[in-house]
Amino acid sequence: MSKAKQFWIHLQRKLRDTFADTRDDVSRLGVRVKIGLAVLGLYLLLALVVGIYWSMTPGFFTVEDYVTAQVEERGGKRERGAVMTSALIGVAETLLEKPGGYLTNDITPPGLWLDNMPSWEYGVVIQVRDASKAMREAFSRSQSQSREDQDLALAESRFNFNTDSWIMPATEGQYREGIQYTRRYLDRLTGISEQNAEFYTRADNLRYWLSTVETRLGSLSQRLSASVGQRRLNTDLPVSMGEPREVAPGEVIVKTPWTELDNVYYEARGSAWALIHLLKAAEIEFADVLDDKNARVSLGQIIRELEATQRSLMSPMILNGSGFGPLANHSLVMASYISRANAALIDLRSLLDRG
């Protein structure tokens, strides 16, 4: 008898003995223990199914419809800034009200097991924070010496709260307060309450926000491209005052750990999802500026590139093939769209800089 056949026979006997021992152990358990195990198994199965449902990213909402719901149906007028502010509220509310709600701070299954959706949420949160900061520091102020809007200041501080606080206070509560303060500004802007808020659709204000968006997209592009590992020149090395400039920077190997590939991918997907809505709102809000600078097409191209990042993923997992290998590399595909959007964004900011 060959060694392989002997091993197979031994393995079959071992499995039969283990199964028989387990069956005997279960038969000796009490009724309560059996019921408890059955309930636990059912709970874990249900958590698995619910987790799959919760991992589905939300679709797009129509910015115009959201303005109607937030302003016109509540008795307000569509003043300047209503579209941009409503889009910010819509993005933040979707973050909290999508299937499963906000999952990053969950401490029980299935939210505890999920990591792709929390990464998506983080990408959305970053864009909400950046837009809220721009609203506070640029859009709502006529000049650098102007007084900031108090509601927007309170909203920004709430949106910058920790993303993973479960209780005392919970992250969701802080973000909802941020939405409430933003809505109070919107009410004052559109005449629903005392109309004493302003929104300035100037080219320099738009450039201010887009400069932050540009840095975010550039960073995401680099992190996505590092999925295959690259030997790069370390451009972050400090240069002393007396050091000659011709000294070559050192080399570093940049590679995203395989355990973080899907996290970076879904963070980029979440950031792009939020930006699509905010940029569509900016296209409406800053229409006069864009037409004056002949920049509407450039903004439309950015939105189109970002929309391509939201296509359905036809794979149960994020593949990480080598750059020219036989398998797909989803991170590099995402990096391609993000990089092209970033390049178009640089061109757009250049157009807005011109007189």
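K.L.:
Explain the environment of Ser350 here, please?
P.N.:
Mapped onto the secondary structure, Ser350 falls in helix α12 (residues 330-353). Residues Ser350 and Lys293 lie 57 residues apart in sequence; the distance between their C-alpha atoms is 9.9 Å.

K.L.:
Sorry if this is basic, but what is going on with the pattern of salt bridges here?
P.N.:
Here the idea is simple: oppositely charged side chains can pair when their charged atoms come close. Here the structure, examined in full by the defined rule, presents 20 salt bridges. The partner of Asp187 in a salt bridge is Arg74, and the shortest N-O contact between them spans 2.8 Å. One end of the pair, Asp187, is in helix α7 (residues 171-190); the other, Arg74, is in the loop between α3 (63-70) and α4 (82-97), with 113 residues separating them in the sequence. Classification of Arg74 by relative accessible area gives partly exposed; the value is 34%.

K.L.:
Honestly, the packing of aromatic side chains in this entry has me stumped. Any pointers?
P.N.:
The description of an aromatic ring pair rests on the distance of the ring centres and on the angle between the ring planes. Scanning all chains against the criterion turns up nine aromatic pairs. With centroids separated by 5.6 Å and ring planes inclined at 50°, the aromatic side chains of Phe139 and Phe286 adopt a geometry described as tilted. Taken as a pair, Phe139 in helix α5 (residues 116-139) and Phe286 in the loop between α9 (261-285) and α10 (287-292) lie far apart in primary sequence, 147 residues in all. The class for Phe286 is buried, based on a relative accessible area of 0%. Considering the side-chain rings of Tyr265 and Tyr266, the 5.3 Å spacing of their centres and the 80° angle between planes classify their relative orientation as edge-to-face. Accessibility classification places Tyr265 together with Tyr266 in one group, the buried group. Connected via pairs of aromatic rings, a cluster forms that spans Phe61, Tyr66, Trp120 and Trp273. Positioned above the aromatic ring of Phe60 is the side chain of Lys280, whose terminal nitrogen or guanidinium carbon lies 5.6 Å from the ring centre.

K.L.:
I keep staring at the side chain of Glu305 and nothing clicks. Help me out?
P.N.:
When you line up the elements, Glu305 lands in helix α11 (residues 296-308). Here the side chain of Glu305 touches Arg340 through a polar contact of 3.1 Å, side chain to side chain. Among residues more than four places away in sequence, those in contact with Glu305 are Tyr337, Arg340 and Ala341.

K.L.:
Whenever I open this one, the packing of helix α8 (residues 203-225) against α12 confuses me. Can you help?
P.N.:
Each pair of packed helices can be summarised by the angle the axes make with each other and by the distance between the axes. Interaxial distance between α8 and α12 falls to 9 Å at its minimum, and their mutual angle equals 155°. Between α8 and α12, the interaxial angle falls into the category roughly antiparallel. Of the two possible hands of crossing, α8 and α12 adopt the one that is left-handed.

Rules and cut-offs
In every chain, residue numbers begin from 1 and rise along the written sequence. Where totals are concerned, whole chains, interfaces and linings use all residues; where local detail is concerned, this predicted model gives features only for residues with pLDDT of at least 70, and gives and counts side-chain atom pairs only at 80 or more. Only heavy atoms go into the side-chain values, all of them from the structure, while hydrogens and water stay out. Each helix is a run of DSSP H or I of at least 4 residues and each strand a run of E of at least 2, with the numbering of both proceeding from the N terminus. When a carboxyl oxygen of Asp or Glu is within 4 Å of a side-chain nitrogen of Lys or Arg, the pair counts as a salt bridge. Each residue is placed in one exposure class: buried if its accessible area under a 1.4 Å probe, protein chains only, is under 20% of its type's maximum, exposed if it is over 50%, and partly exposed if it falls in between. Aromatic contacts are taken between Phe, Tyr and Trp rings whose centres are within 6.5 Å, Trp giving its six-membered ring; a plane angle under 30 degrees counts as stacked, one over 60 as edge-to-face, and the others as tilted. The rule is short: NZ of Lys or CZ of Arg within 6 Å of the ring centre and within 35 degrees of the ring normal puts a charge over the ring. Two N or O atoms count as a polar contact when they lie within 3.5 Å, although within protein this holds only if one can serve as hydrogen donor and the other as acceptor, and sequence-adjacent residues are included solely when both atoms are side-chain atoms. Throughout, a contact is declared for two residues whenever any of their heavy atoms are within 4.5 Å. Helix axes use the C-alpha atoms of the stretch in contact, all axes being lines fitted to C-alpha atoms, and the angles between their N-to-C directions lie in the range 0 to 180 degrees. Here the angle decides the label: under 35 degrees means roughly parallel, over 145 means roughly antiparallel, 65 to 115 means roughly perpendicular, and every other value means oblique. Left-handed describes a crossing in which the near helix is turned anticlockwise from the far one by less than a right angle; the clockwise case is right-handed.

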